[in-house]
Amino acid sequence: MKTSDYRAVIQAAEHVVAAAGPDALRHVREARGRSIQQWATELEVSRQAVYLWEQGARRPRGIAALAYTDALAGLRST
C-alpha cells in the first residue's frame, strides 16, 4: 500500500468520526466497557484527549480515528 493510500484511509476515518459526533464516541467507549482512562491507554493518548473528544471540543485524528471507526463498525455488526 502506498503512503497516499494510507493517508486516504486515515482521512476517511477522520471524516467518519467527525460525522458520528461526540455522543457516538462516548457510546463506543462505554459499549466496550472502558473508562476514559482505560480507553486513553488503549489508544495511546491522554485521558484529557478522550475527554475533549467526547465533549466535542476536539476530534480524534490519525490512528485514533481509525480505532474509533473500527469500533463503530464492530458495534454496527453486532
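Small disclaimer: the values here were computed from a predicted structure and weren't measured. (Residues numbered from 1 in each chain as written. Predicted model: local features only at pLDDT ≥ 70, side-chain atom pairs only at ≥ 80, totals over all residues. Heavy atoms only, no water.)

Engineer: Can you walk me through the overall build of the protein in this structure?
Structural biologist: Within the protein one finds 5 helices and 0 strands. Against the compact-globule benchmark of 12 Å for 78 residues, the protein has a radius of gyration of 12 Å, which places it among compact chains. Referenced to the eigenvectors of the C-alpha coordinate spread, the extents of the protein come out at roughly 35 × 30 × 20 Å. Here the contacts in the protein between residues at least 6 apart in sequence split such that 58% fall between residues at least 24 apart. Across the protein, the centroid of the 11 positively charged side chains sits 4 Å from that of the 8 negatively charged ones. (Helix = DSSP H or I, 4+ residues; strand = E, 2+ residues; numbered from the N terminus. Rg over C-alpha atoms; globule rule 2.2 N^0.38 Å. Contact = heavy atoms within 4.5 Å. Lys, Arg positive; Asp, Glu negative; His and termini not counted. Charge placed at Lys NZ, Arg CZ, Asp CG, Glu CD.)

Engineer: I tried to follow helix α4 (residues 47-55) on my own but got confused; where do I start?
Structural biologist: Since there are 3.6 residues in each turn of an α-helix, residues three or four apart along the chain are aligned in direction. What α4 keeps buried is the set Ala49, Val50, Trp53 and Glu54. Angular distribution of buried residues about the axis of α4 spans 130 degrees; they occupy a single face of the element. Seen from the buried face of α4, the exposed residues on the opposite side, beyond 90 degrees, are Gln48 and Gln55. Gly56, located one to two residues past α4, shows a positive phi value of around 85 degrees. (Buried < 20%, exposed > 50% of the residue type's maximum accessible area, 1.4 Å probe, protein only. Arc of directions from axis to C-beta.)

Engineer: I tried to follow the packing of helix α2 (residues 22-31) against α4 on my own but got confused; where do I start?
Structural biologist: In helix packing, the relevant descriptors are the interaxial angle and the interaxial distance, both defined with respect to the helix axes. With their axes 6 Å apart at the nearest point, α2 and α4 run at an angle of 130 degrees to one another. If you check the angle between α2 and α4, you find them oblique. In this structure, α2 contributes Pro22, Leu25, Arg26 and Arg29 to the contact, and α4 contributes Val50, Trp53, Glu54 and Gln55. Classifying every residue of the contact of α2 with α4 gives 4 nonpolar, 1 polar and 3 charged. (Axes fitted to C-alpha atoms, helices over the stretch in contact; angles between N-to-C directions. Parallel < 35°, antiparallel > 145°, perpendicular 65-115°, else oblique. Nonpolar A, V, L, I, M, F, W, Y, C, P; charged D, E, K, R; others polar.)

Engineer: Any chance you could explain the environment of Arg29 here in plain terms?
Structural biologist: With respect to the helices, strands and loops of the structure, Arg29 is situated in helix α2. Considering only alpha carbons, one finds Arg29 and Val50, 21 residues apart in sequence, at a separation of 9.5 Å.

Engineer: What's the story with the nonpolar core in this structure? I'm lost.
Structural biologist: Generally speaking, a soluble globular protein has its nonpolar side chains buried in company with each other. Val28, Trp39, Val50, Trp53 and Tyr68 are the most contacted members of the largest nonpolar core, which has 16 residues in total. Elements supplying a minimum of two residues to this core: α1 (3-20), α2, α3 (36-43), α4 and α5 (62-76). For this core, the element with the most residues is α5, which contributes 5 residues. Excluding its chain neighbours within four sequence positions, the residues that come into contact with Trp39 are Val28, Arg29, Arg32, Arg34, Val50, Tyr68 and Ala71. (Core = buried A, V, L, I, M, F, W, Y, C linked by side-chain atoms within 4.5 Å.)

Engineer: I would appreciate a short explanation of the confidence of the model for the protein in the present structure.
Structural biologist: Parts of the model with low pLDDT should not have their predicted coordinates read in detail. With 96% of its residues at a pLDDT of at least 70, the protein reaches an overall mean of 92. The secondary structure element of the protein with the lowest average pLDDT is α5, at 87, and the one with the highest is α4, at 97. (pLDDT = per-residue confidence, 0-100.)

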